[in-house]
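Spelled out from the first residue to the last, the chains are:
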Amino acid sequence: MAPVLPLVLPLQPRIRLAQGLWLLSWLLALAGGLTLLSSGHLQVQLWQLSTFLAPSCPFAALPRVALAAGAVALGTGLVGAGTSRASLDAAQYPPWRKVLGPLLVAATAGGGGLLVLALGLALALPGSLDTGLEEGLGTALVHYKDTEVPGHCHAKRLLDELQLRHQCCGRHGYKDWFGVQWVSSRYLDPNDQDVVDRIQSNVEGLYLIDGVPFSCCNPHSPRPCLQSRLSDPHAHPLFDPRQPNLNLWAQGCHGVLLGHLQGLASTLGSMLAVTFLLQSLVLLGLRYLQTALEGLGGVIDGEGETQGYLFPSGLKDMLKTAWQQGGAAHRPAPEEAPPEEAPPTEGPPEA
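All of these numbers come straight from a predicted model, not from anything done at the bench. What you see as residue numbers is a count from 1 along each chain, following the sequence as written. pLDDT decides what is reported in this predicted model: residues at 70 or higher carry local features, side-chain atom pairs at 80 or more are listed and counted, and totals for whole chains, interfaces and linings draw on all residues regardless. Derived side-chain values reflect all non-hydrogen atoms in the structure, with water molecules and hydrogen atoms excluded from consideration.

Enquirer: What's the story with the confidence of the model for the protein chain in this structure? I'm lost.
Expert: In regions of low pLDDT, the predicted coordinates are not meant to be interpreted in detail. Residue-level confidence of the predictor is summarised by pLDDT, bounded by 0 at the bottom and 100 at the top. With 78% of its residues at a pLDDT of 70 or more, the protein chain has an overall mean of 81. Looking over the protein chain, one finds the lowest element-wise mean pLDDT in helix α8 (residues 315-330), namely 49, and the highest in helix α5 (residues 155-166), namely 94. This stretch, residues 321-330, has a pLDDT under 50; its non-local contacts, to residues over four places away or in other chains, come to one contact. Secondary structure is summarised from DSSP: a helix means a run of H or I of at least four residues, a strand means a run of E of at least two, and numbering begins at the N terminus for each. Between two residues, a contact is recorded if the distance between any of their heavy atoms is within 4.5 Å.

Enquirer: Whenever I open this one, the state of the cysteines confuses me. Can you help?
Expert: Each disulfide consists of one covalent bond between the sulfur atoms belonging to two cysteines. To count as a disulfide, a pair of cysteine sulfur atoms needs to be within 2.5 Å. Throughout the structure, instances matching the rule amount to three disulfides. Bridging cysteine 168 to cysteine 253, the disulfide has an S-S length of 2.1 Å. Residues cysteine 168 and cysteine 253 are joined through a disulfide that is right-handed, its torsion about the S-S bond being 85°. Taken together, the residues span a long stretch of sequence, with cysteine 168 in the loop between α5 and α6 (193-200) and cysteine 253 in helix α7 (residues 253-294) at a distance of 85 residues. As far as burial versus exposure is concerned, cysteine 168 and cysteine 253 are alike and both buried. Two residues share a disulfide in this structure: cysteine 217 and cysteine 225, whose sulfurs sit 1.7 Å from each other. On the S-S bond that ties cysteine 217 to cysteine 225, the torsion sits near -70°, and the link is left-handed. Taken N- to C-terminal, the disulfide-bonded cysteines of the protein chain are connected 1-6, 2-3, 4-5. The rule is simple: take the accessible area with a 1.4 Å probe, protein chains only, and divide by the maximum for that residue type; under 20% is buried, over 50% is exposed, in between is partly exposed.

What follows is the structure, encoded as structure tokens:
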């Protein structure tokens, strides 16, 4: 049975393989660490923006899986660096020789599986951000006024901080504030006829105005911020409602957050792809180095050529052997045949 993908490795190629693996392993450890940082940063951003993201949005699974994949890649890189360095010294290699096989299996199955899963999530989940932010920001605008309602008392502060930090206004623009009541009822005068008329004119009994919160104001505007009566072209001299970006933030928070989070996900996806490539190269190289050294008893500078391979036999032969061994293990033992009866012996003739 011929081994799978055999590779003849004389002395110098074996040494260069070990030295190259040492460098690749440190690159893998670096990539794993950067993946940890990228996924950790994305996780922190999601924690800060959790109020504006629907709870049902599955995007939060991406940084968690990427954190696990980055940790395994970091560990694989450190182990690979230690193994490749120890393989150059016959006295240091025996301890690594005992654990290298299980480590290769665990890193290939566990680390490879996590990286593939994280890459799949990085490609598939950013599309779910659109719906998640649409729902989450809509809910945040509705609860902006509920400063004394348990569970929503921080909605106003968080939304104001969001609009100021990311320089955005509303969900898709400043007019989104026209469709929600963002002024708390405790600050409305029930004796004011204008307040009464506005509430009665709305089928849901909401106090709607053509104004925006202060956090929508652009501090770079050369004039004082205009927050109310934005639909009235005659309310403010020299103000053109067709160009509100001269006074308010021009972008909606949905587009700003969507671009921000998708950019972080794209960066993380690139790091995961680089990590996957490096981990594949390191695991392949370690397998060839392991099998080559096994042919020399664990001594890299042993005399003669040796052969490295991925598997000791072809896939067909391996499956056939496993099937035969499994069949032999489950085949019932043949029943023992009853002992043959001895033919009766004739007695001596009677006298």
